[in-house]
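# Structural description and commentary
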Amino acid sequence: MNLDLTGLKGLQPQVAQVWGRVRLVPLVRAQVRGDLRIGLRRYADQFGVVDVGGRPDAPSATVYGGYIPHGMVVGWSTDGAEVAGDTVLEPYEERHPSRALRACGVKHRMIKRERRGARSRLRLLPLHVAMEAYLGVHFGGPDFAWDVYSERVLRHGLTPRVEWITPGYVLPDLHSALRLFEIHEGQCGVLIFVGGHFAGATVVSHPADYRRMHRALIDDFYGKMLAWASWYAPAADPAPVRLDAARVGDWNTLGVELRAARDAWAKVEAGFADSLLGRPANVERAYRMKPFELVRFDTGYTPGEVNHIGEAIVRDDGTVEYLKTYRLSPDQAARGFLLKHLAAHCWQLEEAAAARKQSVAQLIGALERAELAWMLKGHIRDKYRT
Amino acid sequence: MSTAAHREDAAARVTRVEREDIAAFVTSGLACTGQAEYYTERIAQAVSIAFLHDYVRINHRRLYARCLAAGLNDFSRGMMVQGLLAAGAPADPAQRAEEADLIAATLSALPPPRVYRLFRRLRQARVNNRRTKATMRRWLTGRDLAFDALKYRGGLKAVARHAHLELPAEVGRALFPSGPRQAPFEHPLLEAWRQAHHDRRRIYDLPMTVAEGLAARFGIDRKTFLEGIESKMTRRERERVEASARASGARLDGLDIGRMDITRLVLYGLSRPAEEHADFRAPLDEAAARVARRLPRLGRVATVVDRSRSSRGSREKRNRPLGVGLAVEQVLRAATARHGDGYSAHWTVSPGSERDVPLGIAPRGQTDLAMPLVAALAGEPDAVFIISDGYENVGPGAADEVVRIARARLGSTAPVIHLNPVFDPQTYSPRPLGLHIVTVGVRTADDLPLALRLARFVEGVDDRADFEGWLVARGRRMVERWRARAGEAPR
């Protein structure tokens, strides 16, 4: 699997628009092909439940519940022919797993193929595709039944696995920033910065789809720490443009200089998103729809770094046609890291601690800070605490 | 530094700061209407403009009063009269007389609803000095009180209570009835009004806004009502009911678009579907030519029009910044064509084709003023006009930087004038683009000749004395015209 986000092929960052603590970097697509369109489907309820296991007729025990205000509908053509924009606008009736669950709006699967006649589309729940993968990290619990682990985690795994997120409308400046933002001609995406922190990227394939999607950005969810940043981080005014007068000889060069200064500045601003765009990601294929591929990825759960999870639709030539990312807050990254780290060392505390040059007490301290210490038996925690 | 040089320096600084204050005030007075704008809410506008008025009135009282003649918009003039009356009369008799004349002349030029609103605000603020009462009486002597008692019932009532007016008996009875049943009036309009409460045929003899309420009481449907009241509509009322007349299917005479001013015409045209746009071509040209005739010869002109998303304005000022931009563009086009000078228009996002200008243009895209400005300056015109709300968001300050370098390196001498239809509460002025560009507020394209005159002062071509001289002359003409109209003898 390859997913190359470096420089976001085919997308040109533009100078950011700033409102309060929010900075929005527009991404403009040079070539719009039109063979993949993305529409938005609003749900009546903000809270949604997704059956992520079973078949439509036989509901499973694994259920994903959360803040799901909208879904996305993807229409595409396999032969490169243009897809009409209204393919993805027409609402479909969602089929629920069973009659009994229909009443509470249970959706079947994160990614679901919808067929009506000859046309077929994909319905996916934005960000939740990625979030599901993150929550599913060693969801089943330890693979080895060491006696330090509690009965509960050995028998039932990590369920219920809960993470906190912040809906966009809670961030104070974001609403104004999105409302007042002037969408560029040909704009297909945006990088969102809150209080100087990179919050996430959104990319779609077509400018008309972006116009619809732009307003839904307020309903997406963001990491917990961005709520803090949106209240307390210092607001920075955009830097004024400066040109080098000595390099201007005629009207033509003035225009060239201006464009160059802007491109350079846009590059600098997009560079602040390097934690996502400058790093290889662990990619997992979620759905294949020729010539596209829906993947989910994470940039690793490294403590002390900025970590993202996300989902993308990539064309076979590597063009990113759809992208949505979520920035994990530090504690979320720590949870992902510790689970993976323990698993890598066969869930043995001593080995795992030694690999980090730590004592077991320190490792347990880290688990406690990451709110994972409940996995261990109480007396083990007490033993190492003293 | 010697003391003399220091004093010199301080004096120069005072002069500069004064000029900046006054320039900010005058240009804001052209643009600001106290309504919500795209980027700022109503409350921010109100707080900021109120401060600016207080500041200038307290520091430059005489000049502030003289600015009543500067041709500022109705909102600003209303605020100025309110402020002057609330502050009490100045001690100097000459200044007092000058102010009183200017206030009276201003009030006579303002639309009556605005004057009544102003009087009610004075009442709310508990301003009831002798001058205020006298001003109210003086203004009301020129009014048809029976008519006002119906159409501006709340306003006249408030003034009557506040200024202890002696009203004609029947008007007083109409305003302050002593019981639910009214005896017949001798005044035909008041009698029609009395009868209209029980006779639905009489409502069509009343002013439209009065009739509208009674029509609702009788449950008359919109179509019948509009067709019946058509002869009583004022021109603005006719414009206002256009949409509801279409919706209800009422057959009214078409709007007289030949008489609309260019900005209104553009805004109305923008609200109509594309198939009708061709009908606007000739009236637009005529309206543009009317303003163009009042302009001096400008030489070759290039315009940069901001049609970015923010030019859609707010819910209260739908499309106003765009409408002003398009109207000014049309006027400048007409003005250069009159003298056979060159003209070119440049856009933040270029329109599909020339045919789309002006009514096919919708507010969209980012605000990139610098690129079109390079193109505009490259044609080496004699003057460049930018019409924009001043929120550059593809790198702020780029337009200013372009002008700086064009002057320093490319020998460009053309003045660059920025006409801004939006008041920015943060800078207490229409948002400027930078040091090398002169920013003047503007509310309609008809303000253009005035804006050009003010630009000279803002830029520093005229000093304060020149500007005040111009204001005094304008004020004198305004007072004379008012005297001639009202038949008042000069004092």
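Residues numbered from 1 in each chain as written. Chains lettered and ligands numbered in written order. Predicted model: local features only at pLDDT ≥ 70, side-chain atom pairs only at ≥ 80, totals over all residues.

### Description of the overall build of chain A
Secondary structure summary: chain A contains 12 helices and 18 strands in total. On C-alpha atoms alone, chain A measures out to a radius of gyration of 23 Å, which is about the 21 Å that the 2.2 N^0.38 rule sets for 386 residues. Its C-alpha atoms put chain A at 80 × 55 × 35 Å along the principal axes. For chain A, buried positions account for 42% of its 386 residues. Within chain A, contacts between residues at least 6 apart in sequence are counted, and of these 64% link residues at least 24 apart. (Helix = DSSP H or I, 4+ residues; strand = E, 2+ residues; numbered from the N terminus. Rg over C-alpha atoms; globule rule 2.2 N^0.38 Å. Buried ≥ 20, exposed ≤ 12 C-beta atoms within 10 Å, placed from the backbone. Contact = placed C-beta atoms within 7 Å.)

### Quick look at the environment of Asp400 of chain B
Residue and element names in this part refer to chain B. Mapped onto the fold, Asp400 is located in helix 20 (residues 398–409). Among the residues examined, Asp400 registers 23 C-beta atoms within 10 Å and is labelled buried. When the C-alpha atoms of Asp400 and Gly434 are compared, they prove to be 5.2 Å apart, with 34 residues separating the residues in sequence. When sequence neighbours within four positions are dropped, the list of residues in contact with Asp400 reads Leu433, Gly434, Leu435, His436 and Ile437.

### Thoughts on the domain arrangement of chain A
Per the domain assignment, the segments of chain A are domain 1 (11–136 + 163–330) and domain 2 (348–385). A C-alpha centroid distance of 37 Å is found between domain 1 of chain A and domain 2 of chain A. (Domains from an automatic or database assignment.)

### Quick look at the interface of chain B and chain A
Counting residues at the interface gives 26 residues for chain B, matched by 22 residues for chain A. Those elements that place two or more of their residues in the side of chain B that touches chain A are helix 19 (370–378) and helix 20 of chain B. Tallying contributions element by element places helix 20 of chain B first for the side of chain B that touches chain A, with 7 residues. Split into classes, the residues belonging to the side of chain B that touches chain A amount to 15 nonpolar, 8 polar and 3 charged. (Nonpolar A, V, L, I, M, F, W, Y, C, P; charged D, E, K, R; others polar.)

### Looking at the sheet that holds strand 3 (residues 383–387) of chain B
Residue and element names in this part refer to chain B. Across the sheet, 5 strands lie side by side as 2-1-3-4-7; this open sheet has parallel pairing. What marks the edges here is a single partner per strand, and that holds for strand 2 (343–347) and strand 7 (438–441). Put simply, the sheet's adjacent strands are angled 20° from each other on average, direction ignored. Note that strand 1 (residues 301–305) and strand 3 share 5 bridges and pair parallel. In the sheet register, Thr303 faces strand 3, and the bridge partner there is Phe385. Along the sheet, helix 21 (residues 448–459) makes contact with strand 4 (416–420) and strand 7, crossing strand 7 at roughly 135°. (Pairing = 2+ DSSP bridges. Axes fitted to C-alpha atoms, helices over the stretch in contact; angles between N-to-C directions.)

### Some remarks on the sheet that holds strand 8 (residues 106–108) of chain A
Think of a sheet as strands paired side by side through backbone hydrogen bonds, with each pair either parallel or antiparallel. Residue and element names in this part refer to chain A. One open sheet holds the 3 strands; their spatial order is 6-5-8, and the pairing between them is mixed. Taken across any chain shown, the strands that pair with only one partner, and hence form the sheet edges, are strand 6 (63–67) and strand 8. Between one strand axis and the next, the sheet turns by 30° as a mean value, whatever way the strands run.

### Some points on the pairing of strand 2 of chain B
Residues and elements named next belong to chain B. Across 5 bridges, the pairing between strand 1 and strand 2 is parallel. Along strand 2, the bridge assignment pairs Val301 with Tyr343. Crossover strand 1 to strand 2 through helix 18 (residues 320–339) is right-handed. (Right-handed = clockwise from strand over helix to strand, strands pointing away.)

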